[in-house]
Amino acid sequence: MNHRKLIPVLIVTAILLASCAPYIVVENKTSFPVRVIVSGGGKSEVVSPTPGESSSVDMNEGTYKATVIPDAEWIEYAKLTRKVLNDQLANSDKLTGPQLLDVIRRLKEIAVRMQQYEQAAASSASCGGRLTEDNSAGLVVVSTSNSGALVISCK
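My aim in this report is to walk through the structure given alongside it, one point at a time. (Residues numbered from 1 in each chain as written. Predicted model: local features only at pLDDT ≥ 70, side-chain atom pairs only at ≥ 80, totals over all residues. Heavy atoms only, no water.)

**Structural notes on the pattern of salt bridges**
Step number 1: Applying the stated criterion across every chain, the model contains four salt bridges.
Step number 2: Between Lys-29 and Glu-27 there is a salt bridge; the shortest N-O distance is 3.8 Å.
Step number 3: Of the residues examined, Glu-27 reaches a relative accessible area of 25% and is grouped as partly exposed. (Salt bridge = Lys/Arg side-chain N within 4 Å of Asp/Glu carboxyl O. Buried < 20%, exposed > 50% of the residue type's maximum accessible area, 1.4 Å probe, protein only.)

See the structure below:
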């Protein structure tokens with residue numbers, strides 16, 4: 001009977017200890033998906049936060065490096081989406097007025113996002129930080145510069 005009471009206590013203790021481990025939050029402030037490779041302390045993790053979202057990675061205390069690259073899978077998706085929309089546009093006689101306007105709007109949106117992606121694809125960026133016992137949470141923010149290049153900052 002005592003063992004049954006001990007198991008939930010051990011589970012809660014393990015969760016609390018795990019939640020105290022150093023971690024890094026990666027925020028994506030770009031308009032397209034990116035991949036961020038975070039490495040340090042003998043660990044390496046890859047996260048792919050979608051635009052406007054964040055992901056987190058557990059990391060060991062010590063120095064870390066974060067490197068961002070555009071997500072190549074997204075550009076393939078965008079190209080496929082553009083092809084499908086262009087095919088719909090080629091058969092516009094089968095679309096209603098609102099459907100045609102929607103296809104044109106979506107084509108314009110995908111073109112803008114692809115242009116932003118292609119500007120960023122020419123660059124990758126890195127930054128570094130340090131996790132300590134006193135500062136066990138890091139923040140990595142990914143954005144684009146005015147010229148469209150990827151920018152990453154570690155705080």
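This is not the end of the story, as more comes after the structure.
**Section: the sheet that holds strand E6 (residues 125–131)**
Where strands meet in a sheet, backbone hydrogen bonds hold them as pairs that are either parallel or antiparallel.
Step number 1: As summarised here, the arrangement of the four strands in space is E3-E2-E5-E6, forming an open sheet in which the pairing is antiparallel. Taken across any chain shown, the strands that pair with only one partner, and hence form the sheet edges, are strand E3 (43–47) and E6. The sheet shows a mean angle of 20° between the axes of neighbouring strands, direction not considered. (Pairing = 2+ DSSP bridges. Helix = DSSP H or I, 4+ residues; strand = E, 2+ residues; numbered from the N terminus. Axes fitted to C-alpha atoms, helices over the stretch in contact; angles between N-to-C directions.)

**Concerning the sheet that holds strand E7 (residues 137–144)**
Step number 1: With mixed pairing, four strands are arranged side by side in an open sheet as E4-E1-E7-E8. If you trace the sheet from one side to the other, it starts and ends with strand E4 (54–58) and strand E8 (150–154), each paired once. Each strand axis lies, on average, 20° off the axis of its neighbour in the sheet, ignoring direction.
Step number 2: As defined by bridge partners, strand E1 (residues 23–28) adjoins E7 across six bridges and the pair is classed as parallel. When the bridges of E7 are listed, Asn-28 appears paired with Val-142.

**Overview of the side chain of Thr-67**
Step number 1: Mapped onto the elements of the fold, Thr-67 is located in strand E5 (residues 62–70).
Step number 2: Aside from chain neighbours lying at most four places away, what touches Thr-67 is Arg-35, Val-36, Ile-37, Ala-125, Ser-126 and Ile-152. (Contact = heavy atoms within 4.5 Å.)

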